[in-house]
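# Structural description and commentary
The chain contents come next:
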Amino acid sequence: MTTEIFYFSATAILLAEKNLRVSGNRFLRLVSNYLPYRDTAVDWRIRIRYWLADRKLSDIAQAIANERPHTTLELFKTRSRKFHADRERRRETLDERFTCDADKCVKCGLCEKICPVSNITRPDGQPQWQHRCVECPACLHACPKQAIDVGSVTRGRKRYINWHVKPKDLLQR
Ligand code: SF4
Ligand code: SF4
């Protein structure tokens, strides 16, 4: 199951809680950046993924213009609910294995600025995690020195931010 499906399904669930429903859904596979789970794809695969996504976007636009019906996949909704409930339960422990390599860190502060939930402080210049991580995982990918890891699992794995986006575009403040 892809991250995209999780997020789409989460949206459907949130809407349902407000007595609203998704009137159309389409899956668009992009590039997985969830490093603890798997390494980032090699560049040629990323190019293909975007090429396919562009083609599919045209189909999606056409479907919306024509108000074509669709099917919501209940299985994905169920799985997604479990996934997010599990993450929410473990929220305070999700960043326990985050580490910063003191020899690599240049104390630039980008990780702190890029975190969408202000989960990083830097009392001595290097990041410390405050246990409200949402596993986005922007800090891992944005660090210019690849100093941040999740235990040993992500060590050596390829960092990736969409080629059209600069880290500064993602800054919170
Ligand atoms: S982004 Fe990397 S180098 Fe910069 S402060 Fe954070 S861990 Fe250190
Ligand atoms: S993974 Fe995302 S939410 Fe968690 S500390 Fe890093 S930037 Fe913040």
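Structure: above.
Below: a short report on this structure. These numbers were taken from a predicted model, which means no experiment stands behind them.

Let us look at the overall build of the chain. Along its length, the chain carries five helices and four strands. Along the chain, from the amino end to the carboxyl end, the secondary structure elements read α-α-α-β-α-β-β-α-β. Per-residue burial over the chain gives 32% buried out of 173 residues. Summarising the internal contacts of the chain: among those between residues at least 6 apart in sequence, 66% fall at separations of at least 24. Accessible surface, the chain: about 11400 Å² in total, of which carbon and sulfur atoms supply 52%.

Here the focus is the site of ligand 1. Lining the immediate surroundings of ligand 1 are Cys100, Cys105, Val106, Lys107, Cys108, Gly109, Leu110, Cys111, Pro127, Cys143, Pro144 and Ile148. Considered class by class, the residues forming the shell around ligand 1 number 10 nonpolar, one polar and one charged.

Once that is clear, we can look at unusual backbone geometry. Note that the residue after Cys136, namely Pro137, is joined by a cis bond; omega there is -15 degrees. Examined against the element boundaries, Pro137 turns out to sit in the loop between strand S3 (128-129) and helix H5 (138-142). Unusually for a residue other than glycine, His131 sits at a positive phi of about 65 degrees. Inspection of the secondary structure puts His131 in the loop between S3 and H5. Even without glycine at this site, Gln146 takes up a positive phi of about 50 degrees.

Glancing now at the pattern of salt bridges. Taken as a whole, this structure holds six salt bridges when the rule is applied. Put simply, Arg89 and Asp86 hold a salt bridge, and the shortest N to O gap is 3.7 Å. Of the two residues, Arg89 and Asp86 both sit in helix H3 (residues 74-89), three residues apart, roughly one turn of that helix. For Arg90, the salt bridge identified is with Asp86, shortest N-O distance 3.4 Å. Look at Arg90 and you get partly exposed, because its relative accessible area is 35%. Residue Asp86 is classed as partly exposed on the basis of its relative accessible area of 24%.

Lining the immediate environment of ligand 2, one finds 14 residues, of which Cys115, Asn119, Cys133, Cys136 and Cys139 sit closest. A class-by-class count of the residues in the shell around ligand 2 yields 12 nonpolar, one polar and one charged.

Within the secondary structure layout, Arg157 lies in the segment after strand S4 (148-150). In this structure the C-alpha to C-alpha distance between Arg157 and Thr40, which are 117 residues apart in sequence, comes to 6.9 Å. Residues in contact with Arg157, not counting those within four places in the same chain, are Leu35, Pro36, Tyr37, Arg38, Asp39 and Gln146.

Calculation rules
- Residues numbered from 1 in each chain as written.
- Chains lettered and ligands numbered in written order.
- Predicted model: local features only at pLDDT ≥ 70, side-chain atom pairs only at ≥ 80, totals over all residues.
- Heavy atoms only, no water.
- Helix = DSSP H or I, 4+ residues; strand = E, 2+ residues; numbered from the N terminus.
- Buried < 20%, exposed > 50% of the residue type's maximum accessible area, 1.4 Å probe, protein only.
- Contact = heavy atoms within 4.5 Å.
- Areas by Shrake-Rupley, 256 points an atom, 1.4 Å probe, with all protein chains shown as cover.
- Near = heavy atom within 4 Å.
- Nonpolar A, V, L, I, M, F, W, Y, C, P; charged D, E, K, R; others polar.
- Salt bridge = Lys/Arg side-chain N within 4 Å of Asp/Glu carboxyl O.

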